Amino acid sequence: DTGVSQDPRHKITKRGQNVTFRCDPISEHNRLYWYRQTLGQGPEFLTYFQNEAQLEKSRLLSDRFSAERPKGSFSTLEIQRTEQGDSAMYLCASLAENEQFFGPGTRLTVL
Amino acid sequence: QKEVEQDPGPLSVPEGAIVSLNCTYSNSAFQYFMWYRQYSRKGPELLMYTYSSGNKEDGRFTAQVDKSSKYISLFIRDSQPSDSATYLCAGAFPFTGNQFYFGTGTSLTVIP
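Residues numbered from 1 in each chain as written. Chains lettered and ligands numbered in written order. Predicted model: local features only at pLDDT ≥ 70, side-chain atom pairs only at ≥ 80, totals over all residues. Heavy atoms only, no water.

### Side note on the overall build of chain B
(1) Moving on: Scanning chain B from terminus to terminus reveals zero helices and 11 strands.
(2) Moving on: From first element to last, N terminus to C terminus, chain B shows the α and β order β-β-β-β-β-β-β-β-β-β-β.
(3) Moving on: Its C-alpha atoms give chain B a radius of gyration of 13 Å, near enough to 13 Å, the size a compact globule of 112 residues would have.
(4) Moving on: With respect to the principal axes defined by its C-alpha atoms, chain B has extents near 40 × 30 × 25 Å. (Helix = DSSP H or I, 4+ residues; strand = E, 2+ residues; numbered from the N terminus. Rg over C-alpha atoms; globule rule 2.2 N^0.38 Å.)

In structure tokens:
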């Protein structure tokens, strides 16, 4: 499969725990995006990378959230001290020629 | 006001019908417009991508952009039950690398 992959697909955690998600973009795509999607809403932008540089962050990305893309390939999104309001689908996408391709998402449930 | 507005539906049509899905946007600087299909609990799948105004056709799908009225549409001909999904529209600025602004999605059900 040469598409965008995300791991894990589902994560259930208790409030206060830390979680980390991984995204592997399409190999030749140097731009990588993270979005959050809640039920009945469209994806909301969180942050994006061009190669290893994080170029933009949304105000939705509080201090508890951090994203990295250390070698310009895969990316990780970490949420510290999770809250129930963090429950959502976290989507990763990579971009080529203005066409953005999404991964299957990681569904996070915070109990 | 959200950058992209979309009627959430739900929309229900009989198999074989022509479906019209619509969005409006507020930022006249948008130049790129996308339609995505999203099945339940899956990631969005890119259907159509258009630049500036005009029409683009791909099989049973036609995307239309009217920049004068800030209106974007997706038409589905000969709708099939497998088209049942949520359809998301999105707009983006005229340079690569920036974020995409999504509507809330329209839920479509095609009844056999």
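That shown, we press on.
### Considering the state of the cysteines
Cysteine pairs can be covalently joined through their sulfur atoms, and such a bond is termed a disulfide.
Residue and element names in this part refer to chain A.
(1) Moving on: Throughout the structure, instances matching the rule amount to two disulfides over all chains.
(2) Moving on: Here Cys23 engages in a disulfide with Cys92; their sulfurs sit 1.8 Å apart. For the disulfide bridge between Cys23 and Cys92, the dihedral angle about the S-S bond is near -65°, and by the sign convention the bridge is left-handed. Of this pair, Cys23 sits in strand S3 (residues 19-24) while Cys92 sits in strand S9 (residues 88-96), and the two are 69 residues apart along the sequence. Across the pair, Cys92 and Cys23 agree in class, each one buried. (Disulfide = S-S within 2.5 Å. Buried < 20%, exposed > 50% of the residue type's maximum accessible area, 1.4 Å probe, protein only.)

### A few points about the interface of chain A and chain B
(1) Moving on: Taken together, the contact between chain A and chain B spans 24 residues of the former and 21 residues of the latter.
(2) Moving on: Both faces combined, the contact of chain A with chain B buries some 1,800 Å², and carbon together with sulfur accounts for 50% of it.
(3) Moving on: Looking only at chain A, the three residues that lose the most surface to chain B are Asn98(A), Gln100(A) and Phe102(A), adding up to 28% of its buried area.
(4) Moving on: Counting across the chain A and chain B interface gives zero salt bridges.
(5) Moving on: There are four residue pairs in polar contact (both at pLDDT 80 or more) connecting chain A and chain B.
(6) Moving on: Mapped onto the side of chain A that touches chain B, the elements with two or more residues apiece are strand S4 (31-37), strand S5 (44-50), S9 and strand S10 (99-102) of chain A.
(7) Moving on: Across the side of chain A that touches chain B, the residue classes tally to 11 nonpolar, seven polar and six charged. (Contact = heavy atoms within 4.5 Å. Buried area = accessible area lost by both parts, 1.4 Å probe. Salt bridge = Lys/Arg side-chain N within 4 Å of Asp/Glu carboxyl O. Polar contact = N/O pair within 3.5 Å; in protein donor to acceptor, adjacent residues only side chain to side chain. Nonpolar A, V, L, I, M, F, W, Y, C, P; charged D, E, K, R; others polar.)

### Brief notes about the packing of aromatic side chains
(1) Moving on: Summed over all chains, the structure comprises 18 aromatic pairs over all chains.
(2) Moving on: Residues Tyr32(B) and Tyr49(B) carry aromatic rings whose centres are separated by 5.9 Å and whose planes lie at 20° to one another, so their mutual orientation is stacked. A residue pair is termed long-range when its members are at least 10 positions apart, and Tyr32(B) in strand S4 (residues 32-38) and Tyr49(B) in strand S5 (residues 45-51) qualify at 17 residues.
(3) Moving on: A ring pair is formed by Tyr36(B) and Phe102(B), whose centres lie 5.6 Å apart and whose planes are at 50°; its orientation type is tilted. Residue Tyr36(B) is located in strand S4, and its partner Phe102(B) is located in strand S10 (residues 101-102); the two are separated by 66 residues in the primary sequence.
(4) Moving on: Over the face of the ring belonging to Phe74(A) we find Arg22(A), whose NZ or CZ atom lies 3.9 Å from the ring centre. (Phe/Tyr/Trp six-rings, centres within 6.5 Å; stacked < 30°, edge-to-face > 60°. Lys NZ or Arg CZ within 6 Å of the ring centre and 35° of its normal.)

### Structural notes on the nonpolar core
Residues and elements named next belong to chain B.
(1) Moving on: Trp35, Ile72, Leu74, Ile76 and Tyr87 are the most contacted members of the largest nonpolar core, which has 24 residues in total.
(2) Moving on: At the level of elements, strand S3 (19-25), S4, S5, strand S7 (61-66), strand S8 (71-76), strand S9 (85-92) and strand S11 (106-111) are the ones that each hand at least two residues to this core.
(3) Moving on: Per element, the largest residue contribution to this core is four residues, and it comes from S3. (Core = buried A, V, L, I, M, F, W, Y, C linked by side-chain atoms within 4.5 Å.)

### Quick look at the sheet that holds strand S8 (residues 75-79) of chain A
Remark on secondary structure: sheet strands pair via backbone hydrogen bonds, oriented parallel or antiparallel.
Residues and elements named next belong to chain A.
(1) Moving on: Reading across the sheet, the four strands line up as S1-S3-S8-S7 and stay open at both edges, with antiparallel pairing between neighbours. The open sheet has two free edges, formed respectively by strand S1 (5-7) and strand S7 (65-68), since each of these has just one partner strand. Pairwise comparison of adjacent strand axes, ignoring direction, gives a mean angle of 15° for this sheet.
(2) Moving on: Here S1 runs beside S3; their pairing, made up of three bridges, is antiparallel. Counterpart to Ser5 in the pairing with S3 is Asp24. (Pairing = 2+ DSSP bridges. Axes fitted to C-alpha atoms, helices over the stretch in contact; angles between N-to-C directions.)

### Things to note about the pairing of S10(A)
(1) Moving on: Side chains of S10(A) alternate between two faces, with Gln100(A) and Phe102(A) buried and Glu99(A) and Phe101(A) left unburied.
(2) Moving on: Hairpin connection of S9(A) to S10(A): two residues between the antiparallel strands, including Glu97(A) at a positive phi of 55°.

Scope: geometric values only; no functional claims are made or implied.
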